[in-house]
Amino acid sequence: MEKVKFMLDEKESVEFFVLEQTKLSGNQYLLVSDVEEGDGNALILKEIATGEEKKENVYEVVEDDMELGAVAAVFESLLEDIEFS
C-alpha cells in the first residue's frame, strides 16, 4: 500500500497510507490512515482547488458532518472491512 507524505506547512510533514479514493459530487476524496492494516486513526481528506497551476494537490480534512457522513458511507461500501465509529 502506498504511503504519501503530506506537508502541513513549509517545515512539518506527516505520512499516511492511502486506503482508498473516490469522487463524489465532483469532489475528489482520499481515505487515509496512520496504519496500513488494523485499527488506527483515519481521516477523510478533500482535494481543494487552489486556482493556481501547481504540481501539488492541496487537501483539507472533511469536518462538515453531512459531507463526512456521505463520503464515509461511500468508503464503507467500497471497502467491506472498513467501519467508521
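Since this is a predicted model, take the numbers as computed values, not measurements.

Notes on unusual backbone geometry
- With a phi angle near 55°, Ser 25 is a residue other than glycine that sits in the positive phi range.
- Relative to the helices and strands, Ser 25 resides in the loop between strand E2 (13-24) and strand E3 (27-33).

A few points about the packing of aromatic side chains
- Within this structure, the stated rule accounts for 2 aromatic pairs.
- Ring geometry for Phe 6 versus Tyr 59: centroids 6.1 Å apart, planes at 85°, classification edge-to-face. With Phe 6 in strand E1 (residues 3-7) and Tyr 59 in strand E5 (residues 58-61), the pair connects residues that are 53 residues apart, well separated along the chain.
- The exposure class assigned to Tyr 59 is partly exposed, which follows from its relative accessible area of 24%.
- In this structure an aromatic cluster arises from ring pairing among Phe 6, Phe 16 and Tyr 59.

Here we look at the side chain of Ser 33
- Along the chain, Ser 33 falls in strand E3.
- A relative accessible area of 5% means that Ser 33 is categorised as buried.
- Reaching out from Ser 33, the side chain makes a polar contact with the backbone oxygen of Val 35 at a distance of 3.1 Å.
- The residues touching Ser 33, leaving out its near neighbours within four places in the chain, are Phe 16, Phe 17, Leu 19, Gly 40, Asn 41 and Ala 42.

Some thoughts on the pattern of salt bridges
- For the structure on display, the rule yields 2 salt bridges.
- Across the pair Glu 15 and Lys 3 runs a salt bridge whose closest N-O atoms are separated by 3.9 Å. With a gap of 12 residues between them, Glu 15 in strand E2 and Lys 3 in strand E1 connect regions that are remote in the sequence.
- Accessibility expressed as a relative area gives 43% for Lys 3, which makes it partly exposed.
- Glu 67 is the salt-bridge partner of Lys 46, the closest N and O atoms lying 3.1 Å from each other. Residue Lys 46 is found in strand E4 (residues 42-48), and its partner Glu 67 is found in helix H1 (residues 65-78); the two are separated by 21 residues along the sequence.

Rules used throughout
- Residues numbered from 1 in each chain as written.
- Predicted model: local features only at pLDDT ≥ 70, side-chain atom pairs only at ≥ 80, totals over all residues.
- Heavy atoms only, no water.
- Helix = DSSP H or I, 4+ residues; strand = E, 2+ residues; numbered from the N terminus.
- Phe/Tyr/Trp six-rings, centres within 6.5 Å; stacked < 30°, edge-to-face > 60°.
- Buried < 20%, exposed > 50% of the residue type's maximum accessible area, 1.4 Å probe, protein only.
- Polar contact = N/O pair within 3.5 Å; in protein donor to acceptor, adjacent residues only side chain to side chain.
- Contact = heavy atoms within 4.5 Å.
- Salt bridge = Lys/Arg side-chain N within 4 Å of Asp/Glu carboxyl O.

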